[in-house]
Every structure is written in structure tokens, then in C-alpha cells.
Amino acid sequence: MIADMILTGGIVVDDRSQTRADVAIKDGHILAVGAPEAMPDARERVDVTGLHLLPGAIDVHVHFREPGYTHKEDWQTGTDAAAMGGVTTVFEMPNTHPPTRSVVELRQKQELARKARVDFGLYGLMAEDNIGELEALAEAGANAFKCFMGNTFGNLPSPSTGAMLEGFEIAAKLGLRVSLHAETWSIMAWRQKRLEAAGIHHPLAHIAARPEIVAIEAVGRAAALAEWTGARIHVLHISSAGELVPLAEAKRRGVDITGETCPCYLMLDSSDYARLGSVIRVNPPVREARDSAAIWEALASGVVDMIATDHAPHTPEEKQRDNIWQADCGFPGVETQMPLMLTAVAEGRITLEQYVRMSAVAPARAFGLWPMKGRIAPGAHADIAAVDLTRRETIAAQNLHSRGKITPFEGVETTGAPVHTLVRGRFVQRDRKLVPNMAGHGRQVTDIQQMPAAAPRNTDQSLAAILGQKG
Ligand code: DOR
Ligand code: ZN
């Protein structure tokens, strides 16, 4: 058999080891990994000597804003940024306008996403008023559900615990994971109202409105509902030491729960608010240095499973407002995650193998993409980030490919960057430049997603069972 391409001279990295090996690619898949003499013939050879070949990052938390907010981002700019950041698959969030709450909106988004440069999954919304749509959303190709326990950009009201419980019952049967914005709305809305009424609007008040109990309560409650129903859940953007306790406890009890954190919760803390002002405003908030320290530890030990970005672009005007309550929350991240985390590798905070575990292996496993994604091995998709661990760059918003040209990491010097990105065997980024004509190469991962059977519990007490008996 003749391969389409062989990457020669690189070092292949997985979550346990680094191996000097060539990689043969055919029809978008990895054909062989091994010694040069074991490689088949190939139409093209690309020398990657000196580079480490990582499975492309899988970022299960991005907001690409289309439809509805394309002045902030769209599917082209968002996936351009992903390709520049070594990210080969993204899962995109439903708080667009209209939100992805039924099959109509899902289909609309699938159309818009045809210009994607990298592969993608789509979240369906799980809200108070669309519990009846979840099954149809799954059938139409939603890859997971997103439940906003706390209201954030897009003003989607958070569901009651009752609606969530029924949503979890349905998700458990469908087997899809439910990703949670785990901040309890009633607590933070109450506190923000009190702070605003008192005329307090400096940047640090954002933390005061959402102390870690907001997350602790939400994670604990969601874990109880997941345990009761057998639903698989994922805690998005872990920001506090406190919520690690219910997360770890739920894992010990056998709840199918995973967790992610994002670079801002690892690399920024409350001491950065004075310097960054409202630019640092994100939900949940960047907290204290002791929180970052605890999250680093939990990430290294695997209690926090993965790194994502909550890529949430807004314009500089929307971000920079004197009154903290008026500033939009979030900032772009899909392009800067890998350079920032590789810098942590260069500094010895984590190993490169740990990074592969948290950026590719864990998300692939949690969202059913394994074994087609998340590894460089025969049969898998050839999704590869070829990284130069010594490359030094300085983060500058103006150079980001996202439309959101503002970042709290402005001026940060990084060591390590993806110099090529391949999605299913094709270069989408090469030598730190976008490859022309590759917009539209991205595909939805629906065809490869295989969630192992879930174990629904208390099915006799589910609303569906009880309502069914009546009829
Ligand atoms: O800060 C945030 N911004 N947190 C979220 O959860 C949503 C995001 C957005 O969509 O802007
Ligand atoms: Zn988000």
C-alpha cells in the first residue's frame, strides 16, 4: 500500500511515553507508526525532525457565536484560531442566537459550520423549556448537552432542579454527556443584586458576587442528580479549590463525572484584577492563588480530567467598561491554550505526557471520540499538532485569528507552539500560517462518536416511566 504522506523524524507523544517514530498517513487515517525502515512507500514525505507530534487538542468548550453574534466570532474565524492553536476538534456551545435548543436550530448550525477548518461537535441546549426536545436533538446529531445552572452570556434562564432531573433522566437513556455551567444562579443573582444596589462595581466585586460556594453547591447538586439518574456529566471551567471536593467525592462514589479547567484559572488570580480590570471578567471568575494551586494539583493527579478553553470572544468595547457589571464575560482562548500549557511543560509544572492526557486523551474518552481521535496510532484519524517545544512567542491580541481582539494574556511570553496542525491527514495550519482553501475541511464528529452504553438508574421512578404508566 502507498501512503499519502509520511511525517519523518518526529517524536510521537502519547499520555505515557515519547517515541522517536515516523508516521504514515492514508485517506485521513494513520496507517503506520514506527521505524523509518518499517514505513510503506509514500507520495510525499514531510521532514518534522526536531518536532514533537501530539494528538491534536480536543477542546470541548468553545463559543463560536454563529448564528447571532458574528461581530464577536463566526465558524471561520473560530476554527482558524483553533487550527493555529493545534486544536483539531472543538465542541461548540449552544448560547448563540437563536440558541441550539431544538432540531431546527441544530440543523441551522450544522449548515453554518460547513465552513469549519477543524472537526467539531455541537452541543444541544438543556433548558427549562426544551426537555421534550432532547431526544430529537440527539437523533439529529447533537454530540452532548449543555446545561447552564447559572445564567451567563445569552441570558438563557437556568433550569430548575426539577427540569434538570428530568433532563438527566433522558440524557442517561441517550447516553450523551451533559456539560454543566456549574454555578448556582439564585445565589449569584442575589449577591450581585445586593452589591449593585450598594453601588459596588469595581472588578473584584465580580468574585464577591460569585464566591466558590456558588460552584460547590452546583457541583454537589448536579452530582447527586447524576448519581440518581445514571447520567454522565462534565463540570466545565473548574475555578475553585472548593468544588474539587464534591467532584472527587462523586468520582469515588462511581458517578460518571469528568471535569475541565482552563488556562485562566491556572495562570491568573485575584492579584491580576487591578492590572487587567474588566478584561479579566469571566464566568466563573478567576479566583485566589490558592485556588489555582489546588487546581494545578488536581489536574496533575487526574481529579480534573482535562484542559479546555471556554473560548468566549467579545469585542474590546464590550470587554472594557468601567462598571464591572456591564462588561461582557469571557475572552478568546482556543489559540493560546497550547502555547500557554506547553510553557507550563517547559517550566516543569507538568510533563508533556500529562499534557497529552488532559488535552486529547481524556476529552476523546469522555465524549466518545476514542479510539478514532485522541491518539496517534494505526486506524485513528490523523489529527496531529506538530509542536516545537522551544519556539518562543509573545501573545498579542492583534495577532490572534479570533475576532475577539482582546486577551488577559496580552504580552505573555510562551515557550512551545504548534508549528503545523493536521486534521484527518491534511495540513490546516503549516509553518504558523493558515493553509489556503482548507476552510470547510472540518466535519462533525457524529459519525465516529461512540458513547459506551450508559447505566440509567431509578428508571422505574423516572418521569417518563410514571407518565407512561398512566397512559
Ligand atoms: O465568561 C463566560 N462567557 N462564561 C460562560 O460560561 C459563557 C461565556 C460566553 O458565552 O460569553
Ligand atoms: Zn462557556
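For the structure, check the block above.
The rules we used
Residues numbered from 1 in each chain as written. Chains lettered and ligands numbered in written order. Predicted model: local features only at pLDDT ≥ 70, side-chain atom pairs only at ≥ 80, totals over all residues. Heavy atoms only, no water. Helix = DSSP H or I, 4+ residues; strand = E, 2+ residues; numbered from the N terminus. Buried < 20%, exposed > 50% of the residue type's maximum accessible area, 1.4 Å probe, protein only. Contact = heavy atoms within 4.5 Å. Areas by Shrake-Rupley, 256 points an atom, 1.4 Å probe, with all protein chains shown as cover. Lys, Arg positive; Asp, Glu negative; His and termini not counted. Charge placed at Lys NZ, Arg CZ, Asp CG, Glu CD. Salt bridge = Lys/Arg side-chain N within 4 Å of Asp/Glu carboxyl O. Near = heavy atom within 4 Å. Polar contact = N/O pair within 3.5 Å; in protein donor to acceptor, adjacent residues only side chain to side chain. Nonpolar A, V, L, I, M, F, W, Y, C, P; charged D, E, K, R; others polar. Pairing = 2+ DSSP bridges. Axes fitted to C-alpha atoms, helices over the stretch in contact; angles between N-to-C directions. 1 Å grid on protein atoms, 1.4 Å probe; cavity = no way out; pocket = protein on both sides within 12 Å on 5 of 7 lines; lining within 4 Å. Points joined across faces, edges and corners; volume = space filled by probe spheres on them.

1. Here we look at the overall build of the chain
Part 1: In terms of helices and strands, the chain carries 15 helices and 19 strands.
Part 2: Dimensions along the principal axes, computed over C-alpha positions, put the chain at roughly 65 × 60 × 40 Å.
Part 3: The buried share among the 471 residues of the chain stands at 63%.
Part 4: Taking the contacts inside the chain whose residues are at least 6 apart along the sequence as the reference set, 75% of them involve residues at least 24 apart.
Part 5: If you sum the accessible surface of the chain, you get close to 17,200 Å²; carbon and sulfur atoms cover 51% of it.
Part 6: For the chain, the distance from the average position of its 48 positive side-chain charges to the average position of its 56 negative side-chain charges is 1 Å.

2. Observations regarding the pattern of salt bridges
Part 1: One pass over the structure, following the stated rule, counts 26 salt bridges.
Part 2: Here Asp 119 and Arg 424 are joined by a salt bridge, their closest N and O atoms 2.7 Å apart. With Asp 119 in strand β10 (residues 119-125) and Arg 424 in the loop between β17 (413-423) and β18 (426-430), this residue pair connects regions lying 305 residues apart in the sequence. There is no split in this pair, since Asp 119 and Arg 424 are both buried.
Part 3: Ionic pairing is found between Arg 432 and Glu 393, a salt bridge with its closest N-O pair at 2.9 Å. Here the residue Arg 432 occupies a position in the loop between β18 and β19 (433-434), and Glu 393 occupies one in strand β16 (residues 384-394), the gap between them amounting to 39 residues.
Part 4: Accessibility expressed as a relative area gives 15% for Arg 432, which makes it buried.

3. Some thoughts on the site of ligand 1
Part 1: Around ligand 1, a shell composed of 14 residues is seen, among which Arg 65, Asn 95, His 181, Asn 283 and Cys 329 lie nearest.
Part 2: At a separation of 3.0 Å, an oxygen atom of ligand 1 approaches a polar side-chain atom of His 181.
Part 3: Within the side chain of Asp 310, an N or O atom sits 3.5 Å from a nitrogen atom of ligand 1.
Part 4: For ligand 1, the accessible surface in isolation is 290 Å², of which the surrounding protein chains cover 100%.
Part 5: Looking at the shell around ligand 1 residue by residue, the classes come out as four nonpolar, eight polar and two charged.

4. Overview of the side chain of Thr 414
Part 1: The residue Thr 414 is located in strand β17 in this model.
Part 2: Residues contacting Thr 414, with those up to four places away along its chain left out, are Pro 339, Leu 340, Thr 343, Arg 391, Arg 392, Glu 393 and Ile 395.

5. Side note on the sheet that holds strand β9 (residues 87-92)
Part 1: Strand order across the open sheet formed by eight strands is β8-β9-β10-β11-β12-β13-β14-β15, with parallel pairing between neighbours. The open sheet has two free edges, formed respectively by β8 (57-62) and β15 (306-307), since each of these has just one partner strand.

6. Looking at the pairing of β16
Walk down a regular strand and you will see the side chains alternate between the two sheet faces.
Part 1: Pairing of strand β7 (residues 52-55) with β16 involves four bridges; the strand directions are antiparallel. From the neighbouring strand, Leu 53 faces β16, where its bridge partner is Ala 386.
Part 2: Sheet topology places β16 next to β17; eight bridges connect them, and they run antiparallel. By the bridge assignment for β17, Ala 385 is matched with Thr 421.

7. Side note on the sheet that holds strand β4 (residues 22-26)
Part 1: Spatially, β5-β4-β1-β6 is the arrangement adopted by the four strands of the open sheet, whose pairing is mixed. Every other strand in the sheet has two partners, leaving β5 (29-34) and β6 (45-47) as the edge strands with one partner each. The sheet shows a mean angle of 20° between the axes of neighbouring strands, taken without regard to direction.
Part 2: Looking at chain direction, strand β1 (residues 5-8) and β4 are connected through three bridges and run antiparallel. Counted as the bridge partner of Met 5 is Ile 25 from β4.

8. A few points about empty space enclosed by the protein
Part 1: Enumeration according to the criterion identifies five cavities of 30 Å³ or more in this entry.
Part 2: Empty space within the largest cavity amounts to approximately 110 Å³.
Part 3: In terms of lining, the largest cavity is formed by 16 residues, of which the most central are His 63, Thr 152, Asn 283, Asp 310 and Ala 312.
Part 4: Its residues assigned to classes, the lining of the largest cavity comprises five nonpolar, eight polar and three charged.

9. Looking at the layout of surface pockets
Part 1: By volume, the largest pocket is sized at about 390 Å³.
Part 2: Class assignment for the residues of the lining of the largest pocket results in seven nonpolar, seven polar and five charged.
Part 3: The wall of the second largest pocket is formed by 13 residues, among which Glu 335, Glu 393, Thr 394, Asn 399 and Arg 432 lie closest to the centre.

Purely geometric stuff here, so don't read any function into it on its own.
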